Amino acid sequence: MSLEKTLSIIKPDAVKRDLTGKIIAMFEEKGLRVVAQKKIWLSKEQAGSFYDVHRDRPFFGELCEFMSSGPIVVQVLEGNSAIELNREIMGATNPDQAEPGTIRKEFALSMTENSAHGSDSSETAREEISFFFSGLEILQF
Ligand code: CMP
């Protein structure tokens, strides 16, 4: 087990329904600590830039519309095996396939409006964290 940082987004569907506190509690209960956090509202272009890897996928337009439809909470989570643990706590991308007790099973409305995003590898985590945060904004212990 190694101490890692990962990028987490609480998506517009969850922020709108005031689920931010409940979702953060789910991370903290499993040992992930918030070391950076802010609430922001992306433009469609900024959402497209963040999800650039999906630009050619059929859901890209809908994803960018949704991610710019309201405020999001972006945060850096730190903990042992944080990248994998964050993904376990979120559950499968498709809420129908997510395990009971996961964020997406409990709260997601659809595959697009799926309440949370998390980095999928250490390289992606580095890139995604630096997309939203400068070094000075991340708490160092
Ligand atoms: P996320 O983990 O943020 O990464 C890309 C997002 O695209 C994903 O969650 C979903 O919200 C959205 N999405 C919509 N349709 C699909 C699909 N068919 N496959 C993967 N991701 C999808």
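Small disclaimer: the values here were computed from a predicted structure and weren't measured.

Participant: Before we move on, can you summarise the overall build of the protein chain with the specific residues and values?
Facilitator: Within the protein chain, the secondary structure is distributed over seven helices and four strands. In terms of overall size, the protein chain behaves like a compact globule, its C-alpha atoms giving a radius of gyration of 14 Å where 141 residues would be expected to give roughly 14 Å. Seen through its C-alpha atoms, the protein chain measures out along the principal axes to roughly 40 × 35 × 25 Å. In the protein chain, the share of contacts with a sequence separation of at least 24, taken over all contacts with a separation of at least 6, comes to 76%.

Participant: Lay out helix 5 (residues 82-90) in plain terms, naming residues and giving numbers.
Facilitator: All of the buried residues in helix 5 are Ala82, Ile83, Leu85, Asn86, Ile89 and Met90. Next to the buried residues of helix 5 lie strand 1 (3-10), helix 2 (20-29), strand 3 (72-80), helix 6 (103-107), strand 4 (116-118) and helix 7 (122-132). Where helix 5 ends, the next residue or the one after it, Gly91, has phi of about 85°, a positive value.

Participant: An account of the sheet that holds strand 3 is needed here, citing residue identities and associated values.
Facilitator: Here four strands make up an open sheet; going across it, the order is 2-3-1-4 and the pairing antiparallel. This sheet does not close on itself; its edge strands, each paired only once, are strand 2 (33-40) and strand 4. On average, adjacent strands in this sheet sit at an angle of 20° to one another, irrespective of strand direction. Two elements, strand 2 and strand 3, share seven bridges in a ladder whose sense is antiparallel. Each residue of the ladder has a partner; that of Lys39, found in strand 3, is Val73.

Participant: Could you give an account of the site of the ligand, with specific residues and numbers?
Facilitator: The ligand sits among Lys11, Tyr51, His54, Phe59, Leu63, Thr93, Arg104, Met111, Thr112, Asn114 and His117. At 3.0 Å from an oxygen atom of the ligand is found a main-chain nitrogen or oxygen belonging to Met111. Between the ligand and Asn114, the relevant distance is 3.3 Å, taken from an oxygen atom to a side-chain nitrogen or oxygen of the residue. A total of 450 Å² of accessible area belongs to the ligand in isolation, and the protein chains cover 80% of it. Broken down by class, the residue content of the shell around the ligand amounts to four nonpolar, five polar and two charged.

Calculation notes
Residues numbered from 1 in each chain as written. Predicted model: local features only at pLDDT ≥ 70, side-chain atom pairs only at ≥ 80, totals over all residues. Heavy atoms only, no water. Helix = DSSP H or I, 4+ residues; strand = E, 2+ residues; numbered from the N terminus. Rg over C-alpha atoms; globule rule 2.2 N^0.38 Å. Contact = heavy atoms within 4.5 Å. Buried < 20%, exposed > 50% of the residue type's maximum accessible area, 1.4 Å probe, protein only. Pairing = 2+ DSSP bridges. Axes fitted to C-alpha atoms, helices over the stretch in contact; angles between N-to-C directions. Near = heavy atom within 4 Å. Polar contact = N/O pair within 3.5 Å; in protein donor to acceptor, adjacent residues only side chain to side chain. Areas by Shrake-Rupley, 256 points an atom, 1.4 Å probe, with all protein chains shown as cover. Nonpolar A, V, L, I, M, F, W, Y, C, P; charged D, E, K, R; others polar.

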